[in-house]
Amino acid sequence: MEAFKINLTVKAENKEQLAEKLQAFQDLNDALSHEDFINSVDVIVENPEVVEFVKEVVPEEGKELLWTDYLVIAKKAFERFGD
């Protein structure tokens, strides 16, 4: 894979927020395939409310989701985003 040098403008309130945004970008880039990364960005850009939903349903640090949790999340997602 090739490495490219780019110029990028990122809006941030301060250097710490800039570092967080760039780290989040790097984490997503490292964790997702190219296609999944692009699809994720498309979903977020087209449906920014999905970010708040994910924050709402993500488990607390160290807690694992049970099957019942998945069902509750699916129900909430359908109610909020279903046609």
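Figured I'd write up the structure that's included with this text. (Residues numbered from 1 in each chain as written. Predicted model: local features only at pLDDT ≥ 70, side-chain atom pairs only at ≥ 80, totals over all residues. Heavy atoms only, no water.)

1. As for the overall build of the chain
Reasoning step 1: Helix and strand counts for the chain stand at four helices and zero strands.
Reasoning step 2: Against the 2.2 N^0.38 benchmark of 12 Å for 83 residues, the chain shows a C-alpha radius of gyration of 16 Å, more extended than a compact globule.
Reasoning step 3: Dimensions of the chain, computed from the C-alpha atoms along their principal axes, are close to 45 × 25 × 25 Å.
Reasoning step 4: When the accessible area of the chain is evaluated, it comes to approximately 8,000 Å², of which 57% is carbon and sulfur surface. (Helix = DSSP H or I, 4+ residues; strand = E, 2+ residues; numbered from the N terminus. Rg over C-alpha atoms; globule rule 2.2 N^0.38 Å. Areas by Shrake-Rupley, 256 points an atom, 1.4 Å probe, with all protein chains shown as cover.)

2. Some details on the pattern of salt bridges
Reasoning step 1: Enumeration according to the criterion identifies three salt bridges in this entry.
Reasoning step 2: Between Glu52 and Lys55 there is a salt bridge; the shortest N-O distance is 3.3 Å. A residue pair is termed a helical-turn pair when its members lie 3 or 4 positions apart in one helix, as Glu52 and Lys55 do in helix 3 (residues 49-57) at three residues.
Reasoning step 3: Judged by relative accessible area, Glu52 falls into the partly exposed class, the value being 48%.
Reasoning step 4: Here Glu56 and Arg80 are joined by a salt bridge, their closest N and O atoms 3.1 Å apart. A residue pair is termed long-range when its members are at least 10 positions apart, and Glu56 in helix 3 and Arg80 in helix 4 (residues 67-81) qualify at 24 residues. (Salt bridge = Lys/Arg side-chain N within 4 Å of Asp/Glu carboxyl O. Buried < 20%, exposed > 50% of the residue type's maximum accessible area, 1.4 Å probe, protein only.)

3. Observations regarding the packing of aromatic side chains
Reasoning step 1: Applying the stated criterion across every chain, the model contains three aromatic pairs.
Reasoning step 2: Measuring from centroid to centroid gives 5.4 Å for Phe53 and Phe81, while their planes differ by 90°, and the two rings are edge-to-face. With a gap of 28 residues between them, Phe53 in helix 3 and Phe81 in helix 4 connect regions that are remote in the sequence.
Reasoning step 3: With a centroid separation of 5.9 Å and an interplanar angle of 55°, the aromatic rings of Trp67 and Tyr70 are classed as tilted. (Phe/Tyr/Trp six-rings, centres within 6.5 Å; stacked < 30°, edge-to-face > 60°.)

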